[in-house]
Amino acid sequence: MSTGSPDSLLPDGETLEELSNSPRATFDVEKIRAEFPVLDQRVNGHPLIYLDNAATTQKPRSVIEAIGSYYSNNNANVHRGVHELSQRATVDFEQSREKVRNLIGASSIEEIIFVRGATEGINLVAQTFGRTRVRAGDEILITTMEHHSNIVPWQMLCEQVGAKLKVVPINDRGEISLDEYESLLGEKTRLVAAAHLSNALGTINPVHEMVRLAHEKDIPVLLDSAQGTSHLEVDVKDIDCDFLVLSGHKMYGPTGIGALYGKKEHLSAMPPYQGGGDMILSVTFEKTTYNELPHKFEAGTPNIAGAIGLGAAIDFLESCGVKALMEHEHEVLVYGEEALRNLPEVRLIGEAKEKSSVLSFVVAGVHPHDLGTILDHQGIAIRTGHHCAQPTMERFQVPATARASIACFNTKQDIDALIRGIKSAIEVFT
Amino acid sequence: MTDLRDFYQEIILDHYRKPRNFSPLESATCQARGHNPLCGDRVEVYLHIDTGVVREISFQGAGCAISTASASLMTEAVKGMTLVEACALFDSFHDMMTGTGEASDPIDLGKLEALSGVRQIPIRVKCATLAWHTLKAALEESNNNTAASISTE
Ligand SMILES: Cc1ncc(COP(=O)(O)O)c(C=O)c1O
């Protein structure tokens, strides 16, 4: 039993259903769960337990409704029509940009570019900032725990300009060492690109220190916060990163929308990414004048419904209170880690001191793929495979892992079911 | 999904725990390597072919229960077959997995029928067929004698 706090969804004094035995709980998870229509179903005869949130989170009703409402009531193109619907759509679209700005603490909406997702945000920076600032012989520094989308765009850039990709190693817990990181920041390093929160290991990187050390050598830093914004408090001014990408579908919003934050000084100096409508002020066959920020980087009709859905997702996050949500998820994570450590067959992959939301593991005698099938049979959705982080898998010398990833609506009961499922798989195979 | 016991039949578990013909083959006349990047499964298939007959066959690798059992059962089934029979068996097995009904001359799959449940979980079909595609690559190698490598994803 617990009572509401300013951070929770609960009015003060409201009594909770039996949720958590912790007196610190300030989070009505049953109320949160009720916001997610998809959770109310049975899969293979069992109540759905969704633990694949690092792949994509489920969507609260408010997000689904915001998208429906845009199409039902306000559908029109943005930034061009003088008619009422276009104005409404434009206002809603731009309001979402403001919500993104506010969520991550950017100075101005000029610094928020809508993109398709984290992947497109990183490619945008690689092909604009990268193509103009990185030369033959230069270096780009990433870490061992990157998602393929924070590796391949840099490899492509390196190939295009003749630069080199350098990689910060990680220890057996899945952490980088700041000393090693610092020693890799060299004369030729033009950019650091690092995960904020690793999707494969759950490691939270020491981004403040990483940025400070890079800036001492005038090296800009891009943070891949695809996993960050739904699990951490993100303040780009406080972190002082130069770029940050986020992904709508990983933070309770729709697929096909994300945002790139960039410091205005960088964005102003960068050439456009794609050419087309919306990113121009005037076009003649002799000369085209590019639009102001942020529109300079948003060629073509944007994902209007997606942006509006993302705005609703941010409203949802803020109504939960990111801090309350972090505490709740942390409790479930620690509970899960302990339960997994109690199984002698299980080896956790990723045991960083600073960790969030991800339980990555292997089970002796049970291949992750088989475990995934057996759990699915019990209505439990986890991810198995390399999690788009093959170099990370290689570092831990496993071909694949099983990964349960936690969101705000997961409970200790979900973990209990997961553990029961793992035990049943061990029974089948050994 | 069907009952899990249909999916992980005892024979599959047995071949997973104790894979048959699980070693490299010194006398191999051809071999091929298969890889499923999605789940990290790797398999190497070795063949000793003599006068058009598979005299010896073995495999090595790391994979899930389905891919390991499929490879193990495959080696048992293929050993002693002529190249033509082995190709026909590939077609029939492939057919069972994909349900395409393309095998011109379907043959009795015997124990391999235990893997038929895999068809119900499309993403796992690649686990079951990895060793078979690798076998096919090895057979093709025996025809043109170049190292073979295949990937199912
Ligand atoms: C750490 C990380 N970076 C990048 C991505 C790619 O994000 P998106 O799907 O928005 O392109 C993901 C998603 O899988 C991720 O987990």
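Residues numbered from 1 in each chain as written. Chains lettered and ligands numbered in written order. Predicted model: local features only at pLDDT ≥ 70, side-chain atom pairs only at ≥ 80, totals over all residues. Heavy atoms only, no water.

### Re the overall build of chain B
Stated precisely, the cut-off is as follows: Comment: elements are numbered from the N terminus, with helices defined as DSSP H or I runs of at least four residues and strands as E runs of at least two. Accessible surface area values rest on a Shrake-Rupley calculation with a 1.4 Å probe, where residue burial reflects the displayed protein chains alone.
Counting its regular elements, chain B contains 5 helices and 4 strands. Counting from the amino terminus, chain B carries its helices and strands in the arrangement α-α-β-β-β-α-α-α-β. By element, 48% of the accessible surface of chain B is carried by carbon and sulfur atoms, the whole surface being about 6900 Å².

### What to know about the packing of aromatic side chains
Residues and elements named next belong to chain A. Filter applied, for reference: Two aromatic rings, drawn from Phe, Tyr or Trp (for Trp, its six-membered ring), form a pair once their centres lie within 6.5 Å of each other, and the interplanar angle then sorts them: stacked below 30 degrees, edge-to-face above 60, tilted otherwise. The cut-offs for exposure are 20% and 50% of the maximum accessible area for each residue type, with area from a 1.4 Å probe on protein chains only; residues under the lower value are buried, those over the upper are exposed, and the others partly exposed. Working rule: Lys NZ or Arg CZ, within 6 Å of ring centre, within 35 degrees of ring normal, means a charge sits over the ring.
This model, assessed by the stated rule, comprises 12 aromatic pairs over all chains. Relative to Tyr252, the ring of Phe36 lies with its centre 5.8 Å away and its plane at 65 degrees, an arrangement referred to as edge-to-face. Residue Phe36 is located in the loop between α1 (29-34) and β1 (42-43), and its partner Tyr252 is located in the loop between β9 (243-247) and β10 (258-262); the two are separated by 216 residues in the primary sequence. In this pair, the class of Phe36 matches that of Tyr252, namely buried. Taken together, the ring pairs connect Phe36, Tyr252, Phe316 and Phe409 into an aromatic cluster. The side chain of Arg395 reaches across the aromatic face of Phe396, ending 5.2 Å from its centre.

### Structural notes on the site of the ligand
All names here are of chain A. Rule in force here: In this text, near means that some heavy atom of the residue lies within 4 Å of the molecule or strand in question. A 3.5 Å cut-off defines polar contacts: any pair of N or O atoms within that distance qualifies, except that in protein one atom must be a possible hydrogen donor and the other a possible acceptor, and neighbouring residues in sequence count only when both atoms are side-chain atoms. Residue polarity is assigned by list, with Asp, Glu, Lys and Arg as charged and Ala, Val, Leu, Ile, Met, Phe, Trp, Tyr, Cys and Pro as nonpolar; anything else, Gly included, falls into the polar class.
Within the structure, the ligand sits among Gly117, Ala118, Thr119, His147, Ser149, Asn199, Asp224, Ala226, Gln227, Ser247, His249 and Lys250. Contact distances for the ligand include 2.8 Å between an oxygen atom and a side-chain N or O atom of Gln227. His249 has a polar side-chain atom sitting 2.9 Å from an oxygen atom of the ligand. Calculation on the ligand without its partners gives an accessible area of 400 Å², and the protein chains cover 87% of this total. Per-class residue counts for the shell around the ligand are 2 nonpolar, 8 polar and 2 charged.

### Some points on the layout of surface pockets
Applied cut-off: A cavity, in this analysis, means grid points on a 1 Å lattice covering only the protein atoms where a 1.4 Å probe fits yet has no way out; a pocket is instead an open set bounded by protein on both sides within 12 Å along at least five of seven lines, and a residue lines either one if it has an atom within 4 Å of a point. Grid points are joined across faces, edges and corners, and a volume is the space filled by probe spheres set on the points. For every domain, the bounds stem from an assignment made automatically or drawn from a database.
In this structure, the largest pocket spans a volume of roughly 400 Å³. Looking at the lining of the largest pocket, its residues break down into 8 nonpolar, 4 polar and 6 charged. Each of domain 1 (6-59 + 321-429) and domain 2 (63-318) of chain A gives at least three residues to the lining of the largest pocket. Lining of the second largest pocket is provided by 13 residues; of these, A:His369, A:Gly372, A:Ile382, A:Thr384 and B:Ile123 occupy positions nearest its centre. Looking at the lining of the second largest pocket, the elements that each hand over two or more residues are α12 (368-377), β15 (380-381) and β16 (383-385) of chain A together with α5 (122-144) of chain B. In terms of residue count, the dominant contributor to the lining of the second largest pocket is α12(A) (4 residues). Looking at the lining of the second largest pocket residue by residue, the classes come out as 6 nonpolar, 4 polar and 3 charged.

### Some details on the confidence of the model for chain A
As a reminder of what qualifies: For every residue, the predictor states its confidence as a pLDDT score lying anywhere from 0 to 100. Throughout, a residue-residue contact means that at least one pair of heavy atoms, one from each residue, lies within 4.5 Å.
On average, residues of chain A score 93 in pLDDT, and 94% of them reach the 70 mark or higher. The low-confidence segment residues 1-25 of chain A, where pLDDT is below 50, has 47 contacts with residues more than four positions distant or belonging to other chains.

### Concerning the sheet that holds β10(A)
Residue and element names in this part refer to chain A. What counts here: Two strands qualify as a pair provided that DSSP identifies no fewer than 2 bridges between them. Think of each axis as a best-fit line through the C-alpha atoms, taken over the contacting stretch in the case of a helix, with angles from 0 to 180 degrees between the N-to-C directions.
Read from one edge of the open sheet, 7 strands run β4-β10-β9-β8-β7-β5-β6, paired in mixed fashion. Of all strands in the sheet, those with a lone pairing partner are β4 (112-115) and β6 (164-168), marking the two edges. Sheet twist, expressed as the average angle between the axes of neighbouring strands with direction ignored, equals 20 degrees. Packed on one face of the sheet, helix α7 (residues 207-216) meets β5 (139-143), β7 (189-195) and β8 (221-224) and runs near 160 degrees to β8.

### Focus: the pairing of β8(A)
Residues and elements named next belong to chain A. Here is the rule: Note on handedness: a crossover is taken as right-handed if, strands pointing away from the viewer, the path from the first strand over the helix to the second is clockwise.
Residues of β8 alternate between two faces, with Val221 and Leu223 on one and Leu222 and Asp224 on the opposite face, all of them buried. As judged from the 4 bridges shared by β7 and β8, these two strands associate in the parallel manner. Among the inter-strand pairings, Ala193 is bridged to a residue of β8, identified as Leu222. After leaving β7, the chain enters α7 and then returns to the sheet as β8, a path that is right-handed.

### Remarks on the interface of chain A and chain B
To keep things clear, this is the line we draw: Values labelled buried area give the accessible surface lost by two parts on being combined, using a 1.4 Å probe and summing over both. What makes a salt bridge here is a side-chain nitrogen of Lys or Arg within 4 Å of a carboxyl oxygen of Asp or Glu, nothing more.
Listed per partner, the contact involves 18 residues of chain A and 22 residues of chain B. Summing both partners gives a buried area of about 1500 Å² for chain A against chain B, and 58% of it is carried by carbon and sulfur. Applying the counting criterion to the chain A and chain B interface returns 1 salt bridge. The partner of A:Asp370 in a salt bridge is B:Arg124, with the nearest N and O atoms 2.7 Å apart. At the surface where chain A touches chain B, the tally comes to 9 residue pairs in polar contact (both at pLDDT 80 or more). Broken down by secondary-structure element, the contributors of at least two residues to the side of chain A that touches chain B are α12 and α14 (412-429) of chain A. If one sorts the elements of the side of chain A that touches chain B by residue count, α12(A) sits on top with 6 residues.

### Regarding the domain arrangement of chain A
Residues and elements named next belong to chain A. When its domains are assigned, chain A resolves into domain 1 (6-59 + 321-429) and domain 2 (63-318). One C-alpha centre belongs to domain 1, the other to domain 2, and the line joining them spans 28 Å. Across the boundary between the two partners, domain 1 contributes 42 residues, which contact 35 residues of domain 2. At the boundary of domain 1 and domain 2, one finds 1 salt bridge. Among the ionic pairs, Asp172 bridges to Arg395, the shortest N-O distance being 2.8 Å. Among the elements of the structure, α11 (322-341), β14 (358-363) and α13 (390-395) are those that each provide at least two residues to the side of domain 1 that touches domain 2. Considering only residue class, the side of domain 1 that touches domain 2 consists of 20 nonpolar, 12 polar and 10 charged.

### Comments concerning empty space enclosed by the protein
All names here are of chain B. Going through the model one piece at a time under the given rule, you end up with 2 cavities of 30 Å³ or more. The computed volume of the second largest cavity comes to approximately 50 Å³. Residue assignment for the lining of the second largest cavity shows that the elements contributing at least two residues are β2 (41-50), β3 (53-62), α3 (65-78) and α5. When the residues that make up the lining of the second largest cavity are grouped by side-chain class, the tally is 6 nonpolar, 4 polar and 1 charged.

### Section: helix α2 (residues 61-74) of chain A
As a reminder of what qualifies: For a helix, the expected span equals 1.5 Å multiplied by the residue count minus one.
Compared with an ideal rise of 1.5 Å per residue, which puts 14 residues at 20 Å, α2(A) spans 19 Å between its outermost C-alpha atoms and is within 8% of the ideal. Turning to α2(A), its buried residues are A:Val63, A:Ala66, A:Tyr70 and A:Asn74.

### Topic: the side chain of A:Thr229
As for its position among the elements, A:Thr229 is in the loop between β8 and α8 (236-239). Aside from chain neighbours lying at most four places away, what touches A:Thr229 is A:Leu103, A:Ile104, A:Val234, A:Leu246, A:Met251 and A:Leu317.

### Structural notes on the nonpolar core
The condition is simple: Residues grouped as a nonpolar core are buried Ala, Val, Leu, Ile, Met, Phe, Trp, Tyr and Cys residues, joined through side-chain atoms within 4.5 Å.
The biggest cluster of nonpolar side chains holds 76 residues, and the ones touching the most others in it are A:Leu371, A:Ile422, B:Ile66 and B:Leu115. In terms of residues, this core owes the most to one element, α5(B), which gives 10 residues. If you look at the next biggest cluster of nonpolar residues, it comprises 75 residues, including A:Phe27, A:Ile219, A:Ile304 and A:Ile349.

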